[in-house]
Amino acid sequence: MTTSERVIATEPSPSLFTRLRRGLLGYFVKFGLVGLVGLVVDVSLFNLLSLSGPGWWAEPLMAKFMSTSVAIVVNWLGNRYWTFRRDKRSDVVRELIEFVLASVAGMLVTLATLWFTHYVLGFDSLLADNVSANIIGLGLGTLVRFALYRWWVWSAKR
C-alpha cells in the first residue's frame, strides 16, 4: 500500500452533548452556579436590610438596590474568573464597566417588578416583596443579563 492509498485516521467528531457542554450549555451551567452564589448574597442582604428596622435602607427598593449592587460584584468575580475565563479581556476596567451596565439592566427589571407589585398592586409584605423581587424579577432580569454578558461583555467575537 502506498502512502497515497492509506486512509488517514481522524479523531471522531465530538458528540452533540459534548459540543453543547463545551458551548452555550457549559456557559449557562457555570453562569447559573455563579448566579446561585450571587442569589444567596442578594436575598440574604435584602432580607437583612428589610428586617433591620426603620430607615431608608429598609425601604424595599433601596434594600434591593443595595443587595443587588453587592451581588453584582460577587457575580463579576465569578463570571470573569470562571464562567467566561476563556473569553475575558485584558482591558479589565472596560470589561467591568460593561458588566456593571449589563447587570444594571437586569437590576432595573427586578426593581420595576418590585415597584409594580409593592407600590401599584399594594402587595407590601416581606413575602410578597421576596416573591416579586427574588423570584419573578430576578428570573426576568437573569435572562437580560445572560444575553448581555454572553454576546456583549464576553463575546468571543470581540
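Residues numbered from 1 in each chain as written. Predicted model: local features only at pLDDT ≥ 70, side-chain atom pairs only at ≥ 80, totals over all residues. Heavy atoms only, no water.

K.L.:
What should I look at first to understand the packing of aromatic side chains in this one?
P.N.:
The relation between two aromatic rings is expressed through the spacing of the ring centres and the mutual angle of the planes. Counted under the stated rule, the structure contains eight aromatic pairs. Both rings, one in phenylalanine 28 and one in phenylalanine 146, keep their centres 5.1 Å apart while their planes meet at 90°; by these two values the pair is edge-to-face. With phenylalanine 28 in helix H2 (residues 24–50) and phenylalanine 146 in helix H5 (residues 126–153), the pair connects residues that are 118 residues apart, well separated along the chain. By relative accessible area, which is 42% here, phenylalanine 28 ends up partly exposed. (Phe/Tyr/Trp six-rings, centres within 6.5 Å; stacked < 30°, edge-to-face > 60°. Helix = DSSP H or I, 4+ residues; strand = E, 2+ residues; numbered from the N terminus. Buried < 20%, exposed > 50% of the residue type's maximum accessible area, 1.4 Å probe, protein only.)

K.L.:
Can you walk me through the packing of helix H4 (residues 92–120) against H5 in this structure?
P.N.:
Pairs of packed helices are described in terms of their axes, by the angle between the two and the distance that separates them. Where H4 contacts H5, the two axes come as close as 8 Å, and the packing angle between them is 155°. On the basis of their axis angle, the class for H4 and H5 is roughly antiparallel. Viewed along their axes, H4 and H5 form a crossing whose handedness is right-handed. A breakdown of the residues in the contact of H4 with H5 according to their chemical character gives 16 nonpolar, nine polar and four charged. (Axes fitted to C-alpha atoms, helices over the stretch in contact; angles between N-to-C directions. Parallel < 35°, antiparallel > 145°, perpendicular 65-115°, else oblique. Left-handed = near helix turned anticlockwise from the far one by under 90°. Nonpolar A, V, L, I, M, F, W, Y, C, P; charged D, E, K, R; others polar.)

K.L.:
Is there a simple way to explain the environment of alanine 71 in this structure?
P.N.:
Summarising the element assignment, alanine 71 is placed in helix H3 (residues 60–83). With 30 residues separating them along the chain, alanine 71 and valine 41 place their C-alpha atoms 5.9 Å apart. Residues within four places of alanine 71 in sequence aside, it is in contact with Gly38, Val41 and Asp42. (Contact = heavy atoms within 4.5 Å.)

K.L.:
Any chance you could explain the side chain of arginine 145 here in plain terms?
P.N.:
Mapped onto the secondary structure, arginine 145 falls in helix H5. No salt bridge is formed by the buried arginine 145, whose closest oppositely charged neighbour, aspartate 42, lies at an N-O distance of 6.8 Å. Residues in contact with arginine 145, not counting those within four places in the same chain, are Phe31, Ala102, Ser103, Gly106, Met107 and Leu138. (Lys, Arg positive; Asp, Glu negative; His and termini not counted. Salt bridge = Lys/Arg side-chain N within 4 Å of Asp/Glu carboxyl O.)

K.L.:
Teacher, can you tell me more about the pattern of salt bridges here?
P.N.:
Working definition: two side chains of opposite charge can pair if their charged atoms are close together. Tallying each qualifying case throughout the model produces three salt bridges. When the shortest N-O distance is used, the salt bridge between aspartate 42 and lysine 64 registers 3.0 Å. Placement of the pair is aspartate 42 in helix H2 and lysine 64 in helix H3, with a sequence separation of 22 residues. We classify aspartate 42 as buried; its relative accessible area is 3%. For glutamate 95, the salt bridge is made with arginine 80, and the minimal N-O distance between the two is 2.5 Å. Here the residue glutamate 95 occupies a position in helix H4, and arginine 80 occupies one in helix H3, the gap between them amounting to 15 residues. For glutamate 95, a relative accessible area of 0% puts it in the buried group. For arginine 80, a relative accessible area of 6% gives the class buried.

K.L.:
Would you take a moment to explain H5 for this structure?
P.N.:
What sets the pattern is the α-helix's 3.6 residues per turn: residues three or four places apart point alike. If you check H5, its first and last C-alpha atoms are just 34 Å apart, much less than what 28 residues at 1.5 Å a residue would give, namely 40 Å. The axis of H5 is deflected most strongly, by about 40°, at leucine 138. (Expected span 1.5 Å × (residues − 1). Bend = angle between axes of the 7 residues up to and from the residue.)

K.L.:
Got a minute to help me understand the nonpolar core in this structure?
P.N.:
Generally speaking, a soluble globular protein has its nonpolar side chains buried in company with each other. Among the nonpolar cores identified, the biggest contains 13 residues, and Phe31, Phe84, Phe99, Tyr149, Val153 and Trp154 are the most heavily contacted of them. Among the elements of the structure, H2, H3, H4 and H5 are those that each provide at least two residues to this core. With four residues, the top contributor of residues to this core is H4. The contact partners of tyrosine 149, leaving out residues within four places of it in the chain, are Phe31, Asn79, Phe84, Phe99, Ala102, Ser103, Trp154 and Ser155. In this structure, Phe46, Ala63, Leu114 and Ala133 belong to the second largest nonpolar core, which totals five residues. (Core = buried A, V, L, I, M, F, W, Y, C linked by side-chain atoms within 4.5 Å.)

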